[in-house]
Amino acid sequence: MTPISLGRPLRRAAALALAGAVTAVVALTTAHDGPPTDRAAAAHSEAGADIAPLLQRAAADGAGLLPLLARGKDGHLWDYEAKGTGGWKARADLGTGYSVATALVQANISDSGRGNDLYFRMGGTLYYTAERGNDTKSLGGGWDQYNLIVSVGNMAGSAQADLVARGTDGQLWLYQGKADGTLAARVRMKDSTGWNGMSVIAGRGDYTGDGIADLITRNSAGSLLVYPGTGKATADAVLATGVTAATTGWKDYTAVVSTGDNTGDGKADLMAVDAAGALWLYKGTGAASAPFSARTQIGTSGWTQYNLLF
């Protein structure tokens, strides 16, 4: 049976096995002698072939509307499939053990962008696994210098989704994705060290209507800003000047996340969790002057049980 033909029950079973596989990688990574990057390479060499088929079904099937993955505070991972009209279907169980990953990111790369692939960090090492295929690889060490890693779609003109990483020094970096899941050399996105002042950095699509992926942030005052992408992988010129999208109503959200288009209208949307655990949808308009419509509640409670939405 090929990976593409696996149904949801088998995907869930594979994801349950993934929890044990991830734990095994951690054990291997810490057991070897040598510097961290060498230990990660040794772990990948010994365990990578076994991990690949387990990891590749940990995200949902589907081109177009993207799933939302949610990690519970207990390390459990859940898959929410989009209804296509706004909101999510009942969650599917992807197993436990995901607390060992200090970053988890979705990106559409394999199978010409139709696969929902995963990047995940353990220790200082970043790994990539393809949903469509049998490829899981270590992308090297040094990733513990970042306190945030997010997927942002295609920001700089390549055919694959890119990653954005925020350094502990407050710098923001773009890593362009390649067709095999590896990443191009990083490019500083804007000449600023102030990105640690942003309590939210998100985005997975075009919010300004120009066909280029943008970045969504929330500053320390609680204002929501859109930084339009320029479409260029040029140092300090990946982003244009930020534009304030909203000044009220965003400060108290405990989480803000985008999976791109959630409603099926071709425009990128945004979701937010309030202190009571309700989930709200801000439908994208595609207009730079007012990128979001008024919010709609799409989840009544329980969303504060998650410590990561991606």
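See the structure printed just above.
Residues numbered from 1 in each chain as written. Predicted model: local features only at pLDDT ≥ 70, side-chain atom pairs only at ≥ 80, totals over all residues. Heavy atoms only, no water.

1. Regarding the packing of aromatic side chains
Evaluated as defined, the whole model comprises 13 aromatic pairs. Ring centres 5.5 Å apart and planes at 55 degrees place the aromatic pair Tyr207 and Phe292 in the tilted group. Of the two residues, Tyr207 sits in the loop between strand S12 (200–205) and strand S13 (214–218) while Phe292 sits in the loop between strand S18 (279–282) and strand S19 (296–299), which places them 85 residues apart along the sequence. A relative accessible area of 1% places Tyr207 in the buried class. Members of the aromatic cluster, joined through ring pairs, are Tyr80, Trp303 and Tyr306. The ring centre of Trp173 lies 3.6 Å from the NZ or CZ of Arg186, which sits over that ring. The ring of Trp280 has Arg295 sitting right over it, with the charged end atom 3.6 Å from the ring centre. (Phe/Tyr/Trp six-rings, centres within 6.5 Å; stacked < 30°, edge-to-face > 60°. Helix = DSSP H or I, 4+ residues; strand = E, 2+ residues; numbered from the N terminus. Buried < 20%, exposed > 50% of the residue type's maximum accessible area, 1.4 Å probe, protein only. Lys NZ or Arg CZ within 6 Å of the ring centre and 35° of its normal.)

2. Side note on the sheet that holds strand S8 (residues 146–153)
The 4 strands are arranged S8-S9-S10-S11 in an open sheet whose pairing can be described as antiparallel. Of all strands in the sheet, those bounded by a partner on one side alone are S8 and strand S11 (187–188). Strand direction decides the pairing type here: S8 and strand S9 (residues 162–167), joined by 6 bridges, are antiparallel. The residue of S9 that forms the bridge with Tyr146 is Gly167. (Pairing = 2+ DSSP bridges.)

3. Details of the sheet that holds strand S16 (residues 255–257)
In space, the 4 strands of this open sheet follow the order S16-S17-S18-S19, with antiparallel pairing throughout. Every interior strand has two partners, whereas the edge strands, S16 and S19, have only one. In this sheet, neighbouring strand axes are inclined to one another by 30 degrees on average, regardless of whether the strands run parallel or antiparallel. Note that S18 and S19 share 3 bridges and pair antiparallel. From the neighbouring strand, Leu279 faces S19, where its bridge partner is Gly299. (Axes fitted to C-alpha atoms, helices over the stretch in contact; angles between N-to-C directions.)

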